[in-house]
Amino acid sequence: MNIHQQPTGPVQATTAIRFSDPLPKSADVVIIGGGVIGLFSALYMNRNGLKVVVCEKGRIACEQSSRNWGWIRQHGRDRAELPIMMEATRLWEQIDQETGGRTGFRREGLCYLASSEAKLEKRAQWLDVAKECQLDTRLLSKAELDKLINKSGRGKGAHEWVGATYTPSDARAEAWQAIPAIAELAHSEGVQIMENCAVRMLDVEGGEIKGVVTEKGTIQCEQALLAAGAWSSLFAMRHGINIPQLSVRSTVCQTAPLPEFYAGNAADENLAFRRRNDGGYNLAGGARSDCYIGRDSFRHFWKYLPVASAHLPDITFRPSAPKGFPDAWSTKRNWAGDEISPFEEMRVLDPKPNLKQVETMRKNFSKRFPSVGKPQIQHAWAGMIDAMPDIVPIVDRVPSLQGLIIATGMSGHGFGIGPGFGKIISEMVRGKTSAHNLERFRFSRFNDGSKLEVGPDI
């Protein structure tokens, strides 16, 4: 299989540095991580009058924020996430206008497809949540679905779906260009951004943050936001803060331009796909992922057992992570502020795609669209998804360390919900009470005796 590399994929370590502001002496808030959560938080904090600095060890959006599917999905969200996600979708539309359309935002809808009546019934159970939140999700009959996803154009012998659940107001965007565009917007409004500037550790005195120690020097501050994705657990552990986060590898690819069978996002039991603005489709293997076994896998085994058992057929376990990965056996767990940290040793977490999965995606796509056959793949990549045992993130202050907020474990859902949590975090740093119920995302839920409540699997 020939894969022709294109410039329309994830941001790489070789991408030219765009942001190199000088190290400030102080700030109101320092944000650790230049991904979707960190940048939207910075944008809204700055608009609320705070002096904000974003430190990114590699390049803006170089990891999962530019490697995801590009879905802006309300459909199928956890009940606690849905109101935040509905607001986030509105904010995406607003930000797209503010960036002159550079995010690629388009409301084209989302379908969860069902190949059997049993699967359709399971998907339909979520309609009660949608109705409660006044979301426009509805059930599609086979005839309605065949019209929406052009059956006549798909070809003879195409895979049959019996129906779907459908949210017309769901959207998509081009992740690889959207997050850098948001960074440029935030920077133009006064947010300071430094690429190639790893935060090594926090400067802590008497249980309070006094600053952050970067590879370029110390920035004095009383508040910091840890939004480092797959690296958050390692950074937190350095300060004695335990969060049960693991990372799994997800592979994505893009096809060459194809006829438009459907303009939105869709997924069935074995294939996820979305239309791209360049005329191709992004393909993914649905819930399929690779899990590298490391120290954290053993430490958090019991917490992950319920969700791992439910998704066992979709998970491929690997004996160890590549050298330099956050949970690799050889990765340092402790270092001093004047030492090179693991974050500098691996500027960009760039896992190799699972090419066997890519070939399976091609085959599955050809079964659903036999008029095309196996599509030409222009680019394949992978990302490490920061996951939590209940498939919802932590977005909360850390009780044991005054001034630290953690926003991580987005579990593959962070791109779409980014502006929603960004606004929430901007309120949190100012001591404001959010209009949303944040109990579900509390830091303490994994050690306060609460029963683990796993998010929806539709």
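Note that the structure is predicted; figures quoted are calculated from it, not measured.

## Concerning the overall build of the chain
Counting its secondary structure elements, the chain contains 14 helices and 22 strands. Since a compact globule built from 458 residues should have a radius of gyration of about 23 Å, the 21 Å found for the chain is in line with a globular shape. Projected onto the principal axes, the alpha-carbon positions of the chain cover approximately 70 × 45 × 45 Å. Residues classed as buried in the chain amount to 61% of the 458 residues present. For the chain, contacts bridging at least 24 residues in sequence account for 77% of all contacts bridging at least 6. Looking at the chain as shown, the accessible area adds up to about 17,900 Å², and 50% of this sits on carbon and sulfur atoms. Across the chain, 57 positive and 51 negative side-chain charges occur, with their mean positions spaced 5 Å apart.

## Thoughts on the nonpolar core
Ranked by internal contacts, the top residues of the largest apolar core, which has 53 residues, are Met45, Trp92 and Phe421. Of all the secondary structure elements, the ones that give two or more residues to this core are β1 (29-32), α1 (36-47), β2 (52-55), α3 (82-98), α8 (175-188), β22 (404-408) and α14 (414-428). At eight residues, the largest contribution of residues to this core is made by α1. Not counting chain neighbours up to four residues away, the residues in contact with phenylalanine 421 comprise Ile37, Ser41, Ile84, Pro393, Val395, Met410 and Phe441. Membership of the second largest hydrophobic core comes to 41 residues, among which are Val53, Leu234, Phe235 and Ile243.

## Side note on the pattern of salt bridges
All chains considered together, the criterion is met by 33 salt bridges. As a salt-bridge pair, arginine 67 and aspartate 350 come within 2.9 Å of each other at their nearest N and O atoms. One end of the pair, arginine 67, is in helix α2 (residues 64-67); the other, aspartate 350, is in the loop between α12 (342-345) and α13 (355-368), and 283 residues separate them in sequence. Its relative accessible area of 1% is what places arginine 67 among the buried residues. The partner of glutamate 184 in a salt bridge is arginine 102, and the shortest N-O contact between them spans 2.8 Å. Of this pair, glutamate 184 sits in helix α8 while arginine 102 is found in the loop between α3 and β4 (106-107), placing the two residues 82 residues apart along the sequence. For glutamate 184, a relative accessible area of 28% puts it in the partly exposed group.

## Points about unusual backbone geometry
A positive phi angle, close to 60°, is found at alanine 61, a residue other than glycine. Residue classification places alanine 61 among the buried residues on the basis of a relative accessible area of 1%. The phi angle at isoleucine 391 is positive, at roughly 65°, despite the residue not being glycine. With respect to the element layout, isoleucine 391 can be found in the loop between β20 (377-387) and β21 (394-397). Take isoleucine 391: its relative accessible area is 17%, and that puts it in the buried class.

## Remarks on the pairing of β2
Here β2 shows two buried faces, one formed by Val52 and Val54 and the other by Val53 and Cys55. Judged from the four bridges that link them, β1 and β2 form a sheet pairing that is parallel. Counted as the bridge partner of valine 29 is valine 52 from β2. Crossover handedness for the path β1 to α1 to β2: right-handed. Bridging between β2 and strand β9 (residues 192-194) involves three bridges; their strand directions are parallel. Opposite cysteine 55, over in β9, you have methionine 194 as the bridge partner.

## Things to note about the packing of α1 against α8
Contact geometry of α1 with α8 gives a least axis separation of 10 Å together with a crossing angle of 25°. With respect to their mutual orientation, α1 and α8 come out roughly parallel. The two elements α1 and α8 meet at a crossing, and its hand is left-handed. Contact residues: α1 offers Val36, Leu39, Phe40, Leu43 and Arg47, while α8 offers Ile179, Ile182, Ala183, Leu185 and Ala186. In the contact of α1 with α8, the residues fall into nine nonpolar, no polar and one charged.

## With respect to a nonpolar patch on the surface
On the surface, a cluster of nonpolar side chains totalling about 350 Å² of accessible area is made up of Phe301, Trp302 and Leu305. As for its placement among the helices and strands, tryptophan 302 is situated in helix α11 (residues 301-310).

## Considering the sheet that holds strand β12 (residues 217-220)
Ordered in space as β10-β11-β12, the three strands form an open sheet in which the pairing is antiparallel. Two strands close off the open sheet at either side, each with one partner strand: β10 (199-205) and β12. Neighbouring strand axes in the sheet, compared pairwise and without regard to direction, differ in orientation by 30° on average. Looking at chain direction, β10 and strand β11 (residues 208-214) are connected through six bridges and run antiparallel. In the strand pairing of β11, methionine 201 is matched with valine 213.

Criteria and cut-off values
- Numbering of residues starts from 1 in every chain and runs along the sequence as written.
- Two thresholds apply to this predicted model, a pLDDT of at least 70 for residue-level local features and 80 or more for giving and counting side-chain atom pairs, whereas whole-chain, interface and lining totals are computed over all residues.
- Values reported for side chains reflect all heavy atoms of the structure, with hydrogen atoms and water molecules removed beforehand.
- The numbering of helices and of strands both runs from the N terminus, where a helix is a DSSP run of H or I of at least 4 residues and a strand a run of E of at least 2.
- The globule rule used for comparison is 2.2 Å times the number of residues to the exponent 0.38, while the radius of gyration itself is calculated over C-alpha atoms.
- Three labels apply to residues, based on accessible area from a 1.4 Å probe with only protein chains included: buried if under 20% of the type maximum, exposed if over 50%, partly exposed otherwise in between.
- The contact criterion used is simple: two residues touch if any of their non-hydrogen atoms lie within 4.5 Å.
- Each accessible area value is a Shrake-Rupley result obtained with a 1.4 Å probe; residue values ignore everything except the protein chains displayed when judging cover.
- Note on charges: Lys and Arg go in the positive column, Asp and Glu in the negative column, and His and the chain ends are not counted at all.
- Throughout, a charge is located at the NZ atom of Lys, the CZ atom of Arg, the CG atom of Asp or the CD atom of Glu.
- For this analysis, a nonpolar core means a set of buried residues of the types Ala, Val, Leu, Ile, Met, Phe, Trp, Tyr and Cys, connected via side-chain atoms within 4.5 Å.
- Salt bridge, as used here: a side-chain nitrogen of Lys or Arg that lies within 4 Å of a carboxyl oxygen of Asp or Glu.
- The rule for pairing is simple: two strands pair if DSSP sees at least two bridges between them.
- We call a crossover right-handed when, viewed with the strands running away from us, the connection from the first strand over the helix to the second turns clockwise.
- Axes, fitted as lines to C-alpha atoms, cover a helix only where it is in contact. Angles between the N-to-C directions of the axes lie from 0 to 180 degrees.
- In these notes the angle categories are as follows: under 35 degrees is roughly parallel, over 145 is roughly antiparallel, 65 to 115 is roughly perpendicular, and the rest is oblique.
- What makes a crossing left-handed is the near helix being turned counterclockwise from the far one by less than a right angle; a clockwise turn instead makes it right-handed.
- Gly is placed with the polar residues, together with every amino acid not listed as nonpolar (Ala, Val, Leu, Ile, Met, Phe, Trp, Tyr, Cys and Pro) or charged (Asp, Glu, Lys and Arg).
- Note that patches include only residues with greater than 30% relative accessible area and no salt bridge, and the join distances are 9 Å for like charges and 5 Å for nonpolar side chains (Val, Leu, Ile, Met, Phe, Trp, Tyr).

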